[in-house]
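Reading the structure
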Amino acid sequence: QVQLVESGGGLVQAGGSLRLSCAASGRTFSTYTMGWFRQAPGKEREFVAAIRWSSGNTYYADSVKGRFTISRDNAKNTVYLQMNSLKPEDTAVYYCAAPGRTIVVVSVTSNYDYWGQGTQVTVSS
């Protein structure tokens, strides 16, 4: 059974930084993609970033490009999301996700089959 466990959320002032972690277990992830999504109150879940586990290729939403960095630690089966220059509009529950197969389009929510429980990020102005 695939398990994804996020950690690292919290309350931070605008301009601050946080690092989220997603520990994955239950299968070999080396050939797949891992993604981060977020959902603010009253809004749909949206793509934030993704990484191809084997190649290390990364993808970002325009709203976070240049501020967020996704990375992975193969030995620990863990994906990270370093978030810098945080803004109040980054406030949301952040989820990591993994697909059950190889996917081409990494930004589509429905392409992902496994989700973590989410971690709250709150950015105060």
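So, here's what we can say about the structure. (Residues numbered from 1 in each chain as written. Predicted model: local features only at pLDDT ≥ 70, side-chain atom pairs only at ≥ 80, totals over all residues. Heavy atoms only, no water.)

**A word on the packing of aromatic side chains**
Inspection of every chain in the model, using the stated rule, returns five aromatic pairs. For the ring pair Tyr 95 and Trp 115, a centre distance of 6.4 Å and an interplane angle of 80° mean the geometry is edge-to-face. Taken together, the residues Tyr 95 in strand 9 (residues 92-98) and Trp 115 in strand 10 (residues 114-115) connect sequence positions 20 residues apart. Accessibility expressed as a relative area gives 13% for Tyr 95, which makes it buried. Each member of the aromatic cluster is reached from another via a ring pair, and the members are Phe 37, Phe 47, Tyr 95, Tyr 112 and Trp 115. Sitting over the ring of Tyr 95, Arg 45 keeps its end group 3.8 Å from the ring centre. (Phe/Tyr/Trp six-rings, centres within 6.5 Å; stacked < 30°, edge-to-face > 60°. Helix = DSSP H or I, 4+ residues; strand = E, 2+ residues; numbered from the N terminus. Buried < 20%, exposed > 50% of the residue type's maximum accessible area, 1.4 Å probe, protein only. Lys NZ or Arg CZ within 6 Å of the ring centre and 35° of its normal.)

**Brief notes about the pattern of salt bridges**
The full count for this structure, using the stated rule, is five salt bridges. Asp 62 serves as the salt-bridge partner of Lys 65, at 3.2 Å between the closest nitrogen and oxygen. Given a relative accessible area of 67%, Asp 62 falls into the exposed group. Taken together, the shared-partner salt bridges in this structure form one network comprising Arg 38, Glu 46, Arg 67 and Asp 90. (Salt bridge = Lys/Arg side-chain N within 4 Å of Asp/Glu carboxyl O.)

**Observations regarding the sheet that holds strand 3 (residues 18-25)**
Ordered by their spatial adjacency, four strands build an open sheet running 1-3-8-7, and the pairing between neighbours is antiparallel. The sheet terminates laterally at strand 1 (3-7) and strand 7 (68-73), the two strands that pair on one side only. Shown here is a sheet whose adjacent strand axes are inclined to one another by a mean of 15°, direction ignored. Looking at chain direction, strand 1 and strand 3 are connected through five bridges and run antiparallel. (Pairing = 2+ DSSP bridges. Axes fitted to C-alpha atoms, helices over the stretch in contact; angles between N-to-C directions.)

**Here we look at the state of the cysteines**
All told, the structure shown has one disulfide when counted by the stated rule. Put simply, Cys 22 and Cys 96 are joined by a disulfide, and their sulfur atoms are 2.0 Å apart. The sign of the 55° torsion about the S-S bond sets the Cys 22-Cys 96 disulfide as right-handed. Residue Cys 22 is found in strand 3, and its partner Cys 96 is found in strand 9; the two are separated by 74 residues along the sequence. The two residues Cys 22 and Cys 96 agree in class, both being buried. (Disulfide = S-S within 2.5 Å.)

**Let's talk about a nonpolar patch on the surface**
On the surface, Val 104, Val 105 and Val 108 cluster together into a nonpolar patch covering about 260 Å² of accessible area. Mapped onto the elements of the fold, Val 108 is located in the loop between strand 9 and strand 10. Under the relative-accessibility criterion, Val 108 is labelled partly exposed at 33%. (Patch = residues over 30% accessible without salt bridge, like charges linked within 9 Å, V, L, I, M, F, W, Y side chains within 5 Å. Areas by Shrake-Rupley, 256 points an atom, 1.4 Å probe, with all protein chains shown as cover.)

**So, the nonpolar core**
Ranked by internal contacts, the top residues of the largest apolar core, which has 34 residues, are Met 34, Trp 36, Leu 81, Met 83 and Tyr 94. Looking at this core, the elements with two or more residues in it are strand 3, strand 4 (33-39), strand 5 (46-52), strand 7, strand 8 (78-83), strand 9 and strand 11 (119-124). With residues up to four places along the chain from it excluded, the contact list for Met 83 reads Gly 16, Ser 17, Leu 18, Leu 20, Arg 67, Phe 68, Tyr 94 and Val 121. (Core = buried A, V, L, I, M, F, W, Y, C linked by side-chain atoms within 4.5 Å. Contact = heavy atoms within 4.5 Å.)

Read these as spatial facts, not as claims about activity.
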